[in-house]
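A closer look at the structure
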Amino acid sequence: MHIQQCRIRGKEGLWELEISDGRFQKIRPQQAPAELATAVPADQIFARSDQDCINAQGRLLLPPFVEPHIHLDCVLTAGQPHYNMSGTLFEGISTWDEYKTQVPLEVAAIKDRARQALRLMAEYGVQFVRSHVDVTEASFKGVQALLELREELRGTMEIQLVAFPQNGILSTRGGKELMIRAMEMGVDCVGGIPHYEFSRDYGVDSLKFIFDLAEKYDAMVDVHCDEMDDEQSRYLEVLATEAWERGWGPRTVAAHTCAMGSYNDSYYNKLLRVLQASGIHFNACPTESIHLQGRTEPYPKRRGITRIKELSSAGLNVALGQDSIADPWYPIGTGNPLRVLDMGLHVGHLLGYQDISHALDFISVNGARNLCLGDQYGIMEGRPADFILLDAKDDYEALRFLSPVLLSVHNGKILAQKQPARAAVYDI
Ligand code: 17E
Ligand code: FE2
């Protein structure tokens, strides 16, 4: 495959790429023709190209989008057995409990829903996905289904799985054994939910157990941490301290950390010390949290979202994820990371020009760091030929128009392709 006249994110000018054996073989600067500058409408790019030689006409090529946080076992179950009417995290959890008992989980059905969600994500440029899977569900059908899917899709779309104890590790009888069972079955990351454990002590003990498991199984850690508005929900300091003590920071993600939006600055400034010392990563889910949080209070209402801007400017890595697609927690969602980014930049006060001009980091390279993708990821000669081509020339345009992904290539093979709709407007 040969790509001509593309912009490459982070580089000046136009480029051509040669791809074979699933890898980028050559990446070379290319002279711009006189009549370029996106003069050719996106829907004609493929018409004018053949599958082996695509002229991008100045469109932006970048590494694939990364979905660092989703629950594939729950996707597309919204409304069964009923919708979450309060819009709270807790009604989401109890609705999921009802689903698990009333609609017995079946491997084939879970795989089918997960595939539908992954197909949507692929359409929007995602190639790497980290999914939580509920392990406090004794049949373990979810774990089995997603492990099978991970293997079936390897090389097409890459999936990491997190053993996620939805109802708590210590607050579920036999919870530790369930976590061990999931790790034995080959799940990639250890998860947790300390803020939902019955007591502070349980929450702290669960975190120590999580890191013990991570060390034993040489696994990454990805914990739902402080997903609530309670300013006293302070498990992040315990998570970061454990990660620091054990040297596990670069392999650890603190997800949600919504309570950080409620911490006072005096505490936050002190907390920052251990966050920086540990080097843990962060994951925020802005569409999910703006919907679920702030539900217990009158006006003025908190936003319930972690300090994306402040953490980023303190040098910490923050990625954005969607968390849900039509499930008991969040009723809508398309799989498009640009939609999540749009929300994150709005609620995070991140629409300054400088912010927008590197906005796509939040749904690409930052997510790749959360997933520890290392040199598996990036537009460089010798690396796997994984990339997307956006119908935009830069981050600013991509964000403004929520631009479609024209082409998504994984290991040198086309995973998804889109012909954007054409509109006609008259008399203006
Ligand atoms: N479970 C949970 O505890 N929190 C969430 N946001 C989702 C599932 C989606
Ligand atoms: Fe989640």
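Structural data are supplied above this passage.
Now for a quick tour of the structure. (Residues numbered from 1 in each chain as written. Chains lettered and ligands numbered in written order. Predicted model: local features only at pLDDT ≥ 70, side-chain atom pairs only at ≥ 80, totals over all residues. Heavy atoms only, no water.)

**Some points on the sheet that holds strand β11 (residues 252-256)**
Applicable threshold: Two strands pair under a simple rule: DSSP has to find at least two bridges between them. Each helix corresponds to a stretch of at least 4 residues labelled H or I by DSSP, and each strand to a stretch of at least 2 residues labelled E; elements are numbered beginning at the N terminus.
If you trace the eight strands from one edge of the open sheet to the other, you get β6-β7-β8-β9-β10-β11-β12-β13, paired in parallel fashion. Of all the strands in the sheet, just β6 (65-70) and β13 (318-320) have a single pairing partner and so form its edges. With seven bridges connecting them, strand β7 (residues 126-134) and strand β8 (residues 158-164) associate as parallel partners. The residue bridging Val-133 from the neighbouring strand is Ala-163, located in β8.

**Regarding unusual backbone geometry**
Peptide bonds are trans in most cases, and residues, glycine excluded, mostly fall at negative phi. What counts, and what does not: Each residue's exposure class comes from its accessible area (1.4 Å probe, protein chains only) as a fraction of the maximum for that residue type: buried when under 20%, exposed when over 50%, partly exposed otherwise.
The omega torsion across Gln-80 and Pro-81 is -5 degrees, close enough to zero to call that bond cis. Its location among the elements puts Pro-81 in the loop between β6 and α2 (89-102). Residue Pro-300 is bonded to the preceding Tyr-299 through a cis peptide linkage, with omega at -5 degrees. In this fold, Pro-300 is placed in the loop between α9 (286-292) and α10 (308-313). Residues other than glycine seldom take positive phi values, yet Asp-21 does so here, at roughly 50 degrees. By the element assignment, Asp-21 lies in the loop between β2 (14-20) and β3 (23-30). When its relative accessible area of 75% is taken as the criterion, Asp-21 is described as exposed.

**A closer look at the packing of helix α5 (residues 175-184) against helix α6 (residues 200-217)**
The line we're drawing: To define axes, lines are fitted to C-alpha atoms, for helices over the stretch in contact only, and angles between the resulting N-to-C directions are given on a 0 to 180 degree scale. Here roughly perpendicular refers to angles of 65 to 115 degrees, roughly parallel to angles under 35, roughly antiparallel to angles over 145, and oblique to all remaining angles. It is the rotation of the near helix from the far one that decides the hand of a crossing: anticlockwise by less than a right angle makes it left-handed, clockwise makes it right-handed. Here, two residues are considered to be in contact whenever any of their heavy atoms come within 4.5 Å of each other.
Where α5 contacts α6, the axes come no closer than 11 Å and their chain directions differ by 25 degrees. Taken together, the axis directions place α5 and α6 in an arrangement best described as roughly parallel. Taken as a pair, α5 and α6 cross one another with a handedness that is right-handed. Each of Lys-176, Met-179, Ile-180, Met-183 and Glu-184 in α5 lies in contact with α6, whose residues at this interface are Phe-209, Leu-213 and Tyr-217.

**Re the site of ligand 1**
Going by this rule: Note on terminology: near, applied to a residue and a molecule or strand, indicates that one of the residue's heavy atoms is within 4 Å of it. Contacts described as polar in this section are N or O atom pairs within 3.5 Å, which, within protein, must combine one atom able to donate a hydrogen with one able to accept it, while residues neighboring in sequence count only if both atoms come from side chains.
Taken together, His-71, Leu-89, Phe-164, Gln-166, Ile-193, His-224, Glu-227, His-256, Glu-288, Asp-323, Ser-324 and Trp-329 are the residues near ligand 1. Between ligand 1 and Gln-166 there is a distance of 2.7 Å, counted from a nitrogen atom to a side-chain nitrogen or oxygen. For ligand 1, a nitrogen atom lies 3.4 Å from a polar atom in the side chain of Glu-288.

**Observations concerning the coordination of the iron ion (ligand 2)**
The condition is simple: In this listing, donors mean N, O and S atoms no farther than 2.8 Å from the metal, or 3.2 Å for Na, K and Ca; water is missing from the atoms, so a site can look incomplete. A site with four donors is called tetrahedral when every donor-metal-donor angle falls between 85 and 135 degrees; four donors are called square planar, and six octahedral, when opposite donors sit more than 155 degrees apart and all other angles fall between 65 and 115; any other arrangement is irregular.
Taken together, His-69 (NE2), His-71 (NE2), His-224 (NE2) and Asp-323 (OD) make up the full set of protein donors to the iron ion (ligand 2), lying 2.1 to 2.3 Å away. In this structure, the iron ion (ligand 2) is surrounded by four donor atoms whose angles at the metal cover 84 to 179 degrees, and the resulting shape is irregular. Every donor residue of the iron ion (ligand 2) comes from the same chain, spaced as H-x1-H-x152-H-x98-D. Linking His-224 in strand β10 (residues 220-225) with Asp-323 in the loop between β13 and α11 (337-347), this pair joins segments that are 99 residues apart in sequence.

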